Amino acid sequence: MHSIWRTLDRVLLRDIALVCLAVGVTSLSYGAIAVASGFPLWVPAALSVLVLAGASEFLFVGLIAAGGSPIAAVLAGLVVNARHLPFGLALPDVLGRGRRRLLGSHLMNDESVVFALAQDGIARQRAAYWACGLGVLLCWPLGAVAGGLVGTVIDDTDLFGLDAMFPAILLALVLPALRDRDKRLAVPAGAAIALATTPFLPAGVPVLLALAGVALAAVPHRTNDPDTTNDPEKERPCPAP
Amino acid sequence: MPGSLTLAAAILALAAGTFALRFAGPLLRSRITLPARAEKLMETSAIVLLAAVAATTALTEGHGPAGIARPAGVLVAGVLAWRKAPFLVVVLAAAVTAAGLRLLGVT
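Keep in mind that this is a model prediction, so the values were computed, not measured.

Enquirer: Could you clarify how one ought to interpret the overall build of chain A in this entry?
Expert: The helix and strand inventory of chain A stands at 14 helices and zero strands. Reading chain A from its N end, one meets helices and strands in the order α-α-α-α-α-α-α-α-α-α-α-α-α-α. Counting contacts in chain A only where the partners sit at least 6 residues apart, residues at least 24 apart contribute 68% of the total.

In structure tokens:
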């Protein structure tokens, strides 16, 4: 998939547009659900622009609608969003400086990060990050407001399989990275930890615990050719397993 | 339902906290130069987090299992992605599989 994107920017843009479209449709139902739960329209509108992180907004709205305290809803939302901190540490220099870094940070989400990390070269990483981030910044609030105004046009996005699209998006963009030995160990371990702890822990915590899987990658390992293990660039030409 | 002022304060708190979480990483990265090994571990961490998000959203709903349609859709997508199908095909196949199964009554 790397090689296709290297040569076809139109394809990358089309892929990002598809993701933004899916975000927009999901947002329609988010806005509709929020208003149907008794919130004034400005609540999903403000959340979608200022927080711009879908999972935490759904949780925030859901907890308060269920009678939870606003403080608990804020804390629950922040736990879900805590993964943005390691995302920011991992991102190459795609944000720029000064005011651009302020806006660029706000655009950080699962999709913009995964699109950036899936590219080769800083120029393409930067382009993918900003295109996806700005697209989501446009589609998520627009969808939320439209959904809140129109109501339950799309009653159940599950009916269109949208709920299967988002994990598929992440999976498709993460898979090529598994050519790297460290990640091939750490990723399944982390995913297993997250899945095993999901029944018992609050939303967002299992995903953070997945980081324990990284310890597997941190352990020094023996290899036949030490030169190729620490340099991801040298592993790129290899075919996927 | 809490009052407007309480809601606005809660939204601002969530927004400010989320922004701080987003901004801290890039800020730190611009101040310190990480050794190559640490940089690679950071990237591995991000991939692990993204994969954990994918796994939990694919297979679980709340604190329980997600049923059959969604995991089946993501499984089809995973096989297609592994076979190097175009991204568009992979993602749409996930939706079509899950929606198709639901039409057939499999949830």
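Once you've had a look at it, read on.
Enquirer: What is the right way to read the overall build of chain B from this model?
Expert: When helices and strands are tallied, chain B shows four helices and two strands. Start at the N end of chain B and walk to the C end: the helices and strands fall as α-α-β-β-α-α. A globule of 107 residues ought to have a C-alpha radius of gyration of about 13 Å, yet chain B, at 20 Å, is considerably larger. For chain B, the C-alpha atoms occupy an extent of roughly 50 × 50 × 25 Å along the three principal directions. Counting the 107 residues in chain B, one finds 45% classified as buried. Taking all contacts inside chain B whose residues are at least 6 apart in sequence as the whole, residues at least 24 apart take part in 41%.

Enquirer: I tried to follow the domain arrangement of chain A on my own but got confused; where do I start?
Expert: By convention, interface size is frequently given as the accessible area that disappears when the constituent parts associate. All names here are of chain A. What the domain assignment lists for chain A is domain 1 (2-179) and domain 2 (180-241). Taken together, the contacts link eleven residues of domain 1 with 15 residues of domain 2. Element by element, the count of residues in the side of domain 1 that touches domain 2 is highest for helix α5 (residues 70-81), at three residues. Across the side of domain 1 that touches domain 2, the residue classes tally to nine nonpolar, no polar and two charged.

Enquirer: Teacher, can you tell me more about unusual backbone geometry here?
Expert: Most peptide bonds take the trans configuration, and most residues that are not glycine carry a negative phi. Unusually for a residue other than glycine, Leu 52 of chain A sits at a positive phi of about 55 degrees. A positive phi angle, close to 65 degrees, is found at Lys 84 of chain B, a residue other than glycine. Locating Lys 84 of chain B in the fold gives a position in the loop between α3 (69-82) and α4 (87-103). Note on Lys 84 of chain B: 15 C-beta atoms within 10 Å, which makes it partly exposed.

Enquirer: Looking at this model, I keep getting lost on the interface of chain A and chain B. Mind explaining?
Expert: In this complex, chain A contributes 77 residues to the contact, which on the side of chain B involves 64 residues. Here the element with the most residues in the side of chain A that touches chain B is helix α10 (residues 162-174) of chain A; it accounts for twelve residues.

Enquirer: Explain the environment of Ala 16 of chain B to me, please; I cannot follow it from the model alone.
Expert: Turning to its location among the elements, Ala 16 of chain B is positioned in helix α1 (residues 4-31). Considered as a pair, Ala 16 of chain B and Ala 36 of chain B are 20 residues apart in the sequence and their alpha carbons are 32 Å apart.

Enquirer: Which parts of the structure should I look at to understand the confidence of the model for chain A?
Expert: As a note on interpretation, predicted positions should not be read in detail where pLDDT is low. Residues and elements named next belong to chain A. For chain A, per-residue confidence averages 87 on the pLDDT scale, and 86% of positions sit at 70 or higher. The model gives residues 1-5 a pLDDT under 50, and that stretch makes nine contacts with residues more than four places away or in other chains. Taken as a whole, residues 224-241 scores under 50 in pLDDT and shows 14 contacts with residues more than four places along the chain or in a different chain.

Enquirer: I would appreciate a short explanation of the nonpolar core in the present structure.
Expert: A general feature of soluble globular proteins is that nonpolar side chains tend to end up buried together. Counting residues in hydrophobic clusters, the biggest one holds 110 residues, and the most contacted among them are Ala 168, Ala 172 and Val 174 of chain A together with Leu 50, Ala 77 and Ala 94 of chain B. Looking at this core, the element that brings in the most residues is helix α2 (residues 36-59) of chain B, giving 13 residues. Taken together, domain 1 (2-179) and domain 2 (180-241) of chain A each give at least three residues to this core, which thus spans both. Setting aside residues no more than four positions away along its own chain, Ala 168 of chain A makes contact with Gly 73, Val 74, Ala 77, Val 90, Val 91 and Ala 94 of chain B.

Enquirer: When you look at the confidence of the model for chain B in this model, what are you seeing that I'm missing?
Expert: Overall, the predicted model of chain B reaches an average pLDDT of 95, with 100% of residues at or above 70. For this predicted complex, the interface confidence comes out at an ipTM of 0.95, alongside a pTM of 0.88.

Enquirer: Explain the packing of α5 of chain A against α1 of chain B here, please?
Expert: The description of two packed helices rests on the angle between their axes and on the distance between the axes. Contact geometry of α5 of chain A with α1 of chain B gives a least axis separation of 9 Å together with a crossing angle of 20 degrees. On the basis of the axis angle, α5 of chain A is roughly parallel to α1 of chain B. Crossing of α5 of chain A against α1 of chain B: the hand is right-handed. Contacts between α5 of chain A and α1 of chain B pair Pro 70, Ala 73, Val 74, Gly 77, Leu 78 and Asn 81 of chain A from the former with Thr 6, Leu 7, Ala 10, Ala 13, Leu 14, Gly 17, Thr 18 and Leu 21 of chain B from the latter. Looking at the contact of α5 of chain A with α1 of chain B residue by residue, the class counts come to nine nonpolar, five polar and no charged.

Analysis parameters
Residues numbered from 1 in each chain as written. Chains lettered and ligands numbered in written order. Predicted model: local features only at pLDDT ≥ 70, side-chain atom pairs only at ≥ 80, totals over all residues. Helix = DSSP H or I, 4+ residues; strand = E, 2+ residues; numbered from the N terminus. Contact = placed C-beta atoms within 7 Å. Rg over C-alpha atoms; globule rule 2.2 N^0.38 Å. Buried ≥ 20, exposed ≤ 12 C-beta atoms within 10 Å, placed from the backbone. Domains from an automatic or database assignment. Nonpolar A, V, L, I, M, F, W, Y, C, P; charged D, E, K, R; others polar. pLDDT = per-residue confidence, 0-100. Core = buried A, V, L, I, M, F, W, Y, C linked by C-beta atoms within 7 Å. Axes fitted to C-alpha atoms, helices over the stretch in contact; angles between N-to-C directions. Parallel < 35°, antiparallel > 145°, perpendicular 65-115°, else oblique. Left-handed = near helix turned anticlockwise from the far one by under 90°.

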